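Letter by letter, the chains look like this.
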Amino acid sequence: METITLQSPFDMHLHLRDGEMLQNIAKYTTNYFAAALIMPNINPPITDVKSALAYKQRILQTTSQTSQTADFTPLMSLYLHENLTKEELQKAKDNGIFILKLYPKGATTGSENGVSEILSPKILEILEIAQEIGMILSIHGESNKFVLDREAEFHPIFEYLATNFPKLKIIFEHLSDRRSIALVEKHENLFATLTLHHILLSLDDVIGGMLNPHYFCKPILKTKKDQESLLQVALNAHEKFSFGSDSAPHLKTNKETSKGAAGIFSAPIALPALTQTFETHNALDNLESFISINASKIYNLPRTNKQITLLKKPMQIPEEISGIVPMFAGKSLDWSLA
């Protein structure tokens, strides 16, 4: 049977939730990735080091109970807000927390406490400190205007920050618009993550036929041209882009009711779907760079000895997992996790 072994896969954008959902879904990442960058927009958000370390312990406890191996590192992040002090940022860095996550207020799930004025003197002061102590700034880059242009409308913010903080590494999270690719390439200190859903799906998959709320996410899926452009970036393992699933589970009831929660649950199929995609496009030689080597270089992460083997054997995707509808529910993939 044909196999492929991947060393030290990294997921650089992941929502693990908390409580019962954390218990139910963590294993789909912790079993198959060496590390993952955990988003801080839970309720209440992770706004200080104490809460970040407590959340990390809950994740590790879940990992020890549900995972096949303990060889997994949750990389914690801090929710950027105006009350962060130099002391708190240094404390974070000293505790291995080196990511600041910027949510524009109201832009996505859990962004109610986000930043309303990104270029305010206080936020710029915090970013100056972050640059000084060697942190990384990850940004959900969207405005609050017309939904299909929100990412492009945010470009001037990226331009300003990348230019005025040249030593601050900035991550353009879940890049979704082909117009953003050139912006990332333009600035030496600007990088990006790409999701599985943005490289494989377009807006047609949400509203082209019957409305599919399980493919509603933010940033919203864009045009077929955007999807194809992002796919090529991934297949080429562009050195400024790394894999970040943005797997964001919501209960089926919250996706299909008036709540219309934004997020796609891709963690259970991430590696098999990526393997199938890269194989289909004769790019398997680039897969490990996209899901491991690039992240190692961008985030200064040591690669681990964790190896994940996939088999060329059909994988049937369930219709539901713990009350959550996964990406490609009910369909089959060519590759399975060993």
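Above this text is the structure in question.
In this report, we go over the structure that sits alongside the text.

Scoring rules and cut-offs
Residues numbered from 1 in each chain as written. Predicted model: local features only at pLDDT ≥ 70, side-chain atom pairs only at ≥ 80, totals over all residues. Heavy atoms only, no water. Helix = DSSP H or I, 4+ residues; strand = E, 2+ residues; numbered from the N terminus. Rg over C-alpha atoms; globule rule 2.2 N^0.38 Å. Buried < 20%, exposed > 50% of the residue type's maximum accessible area, 1.4 Å probe, protein only. Areas by Shrake-Rupley, 256 points an atom, 1.4 Å probe, with all protein chains shown as cover. Lys, Arg positive; Asp, Glu negative; His and termini not counted. Charge placed at Lys NZ, Arg CZ, Asp CG, Glu CD. Pairing = 2+ DSSP bridges. Salt bridge = Lys/Arg side-chain N within 4 Å of Asp/Glu carboxyl O. Contact = heavy atoms within 4.5 Å. Phe/Tyr/Trp six-rings, centres within 6.5 Å; stacked < 30°, edge-to-face > 60°. Axes fitted to C-alpha atoms, helices over the stretch in contact; angles between N-to-C directions. Arc of directions from axis to C-beta.

## Re the overall build of the chain
Okay, step 1: Check the secondary structure of the chain and you find 14 helices and 14 strands.
Okay, step 2: Here the C-alpha atoms of the chain give a radius of gyration of 19 Å, agreeing with the 20 Å that 2.2 N^0.38 yields for 338 residues.
Okay, step 3: With the principal axes as the frame, the chain shows a C-alpha extent of 55 × 40 × 40 Å.
Okay, step 4: Here the chain holds 338 residues, and the buried ones make up 59% of them.
Okay, step 5: Per element, the accessible surface of the chain, about 13800 Å² overall, is 49% carbon and sulfur.
Okay, step 6: Here the chain carries 32 positive and 37 negative side-chain charges, and the mean point of each set is 2 Å from the other.

## Thoughts on the pairing of strand 2 (residues 10-14)
Regular strands place side chains that alternate from one sheet face to the opposite one.
Okay, step 1: Burial analysis of strand 2 places 5 of its 5 residues in the buried class, which makes it a mostly covered element.
Okay, step 2: Note that strand 2 and strand 3 (residues 35-38) share 3 bridges and pair parallel. Following the sheet pairing, Asp11 is matched in strand 3 by Ala36.

## Focus: the pattern of salt bridges
Okay, step 1: Scanning the entire structure with this criterion turns up 11 salt bridges.
Okay, step 2: Glu279 is the partner of Lys312 in a salt bridge, and the nearest nitrogen-oxygen pair spans 2.9 Å. Placement of the pair is Lys312 in the loop between strand 11 (307-311) and strand 12 (315-316) and Glu279 in helix 13 (residues 270-280), with a sequence separation of 33 residues.
Okay, step 3: One network of salt bridges, in which partners are shared, links Glu2, Glu279 and Lys312.

## Considerations on the side chain of Lys240
Okay, step 1: Relative to the elements of secondary structure, Lys240 occurs in the loop between helix 11 (224-235) and strand 10 (241-243).
Okay, step 2: No salt bridge is formed by the buried Lys240, whose closest oppositely charged neighbour, Glu239, lies at an N-O distance of 7.6 Å.
Okay, step 3: When near neighbours in sequence (up to four residues on either side) are disregarded, Lys240 contacts Val184, Glu185, His187, Glu188, Leu190, Phe191, Ala192 and Ile298.

## Quick word on the packing of aromatic side chains
Okay, step 1: For the coordinates displayed, the defined rule picks out 7 aromatic pairs.
Okay, step 2: Plain terms: the ring middles of Phe33 and Phe243 are 6.3 Å apart, the flat faces sit at 15° to each other, and that makes the pair stacked. A residue pair is termed long-range when its members are at least 10 positions apart, and Phe33 in the loop between helix 2 (27-30) and strand 3 and Phe243 in strand 10 qualify at 210 residues.
Okay, step 3: According to the relative accessible area criterion, Phe33 is buried, its value standing at 2%.

## Here's the deal with the sheet that holds strand 1 (residues 3-7)
Okay, step 1: Taken together, the 3 strands give an open sheet; going across it, the order is 1-11-14, and neighbouring strands pair in antiparallel fashion. Edge strands, defined here as strands with exactly one partner in the open sheet, are strand 1 and strand 14 (336-337).
Okay, step 2: In the sheet, strand 11 pairs with strand 14 via 2 bridges, with the strands oriented antiparallel. Counted as the bridge partner of Leu311 is Ser336 from strand 14.
Okay, step 3: Packed onto the sheet, helix 13 meets strand 1, strand 11 and strand 14 and runs at close to 65° relative to strand 11.

## What about the sheet that holds strand 9 (residues 190-194)?
Okay, step 1: The strand order 5-6-7-8-9-10 describes an open sheet built from 6 strands, whose pairing is parallel. Both edges of this open sheet fall to strand 5 (77-79) and strand 10, since each of them pairs with a single strand only. Shown here is a sheet whose adjacent strand axes are inclined to one another by a mean of 30°, direction ignored.
Okay, step 2: Note: strand 8 (residues 169-172) against strand 9, 3 bridges, orientation parallel.

## A few points about helix 8 (residues 179-186)
Okay, step 1: Along helix 8, the residues classified as buried are Ser180, Ile181, Leu183 and Val184. Projected onto a plane normal to the axis of helix 8, the buried residues spread over an arc of 165° and lie on a single side.
Okay, step 2: Where helix 8 is buried, its residues contact helix 6 (150-153), helix 7 (155-164), strand 8, strand 9, helix 11 and strand 10.

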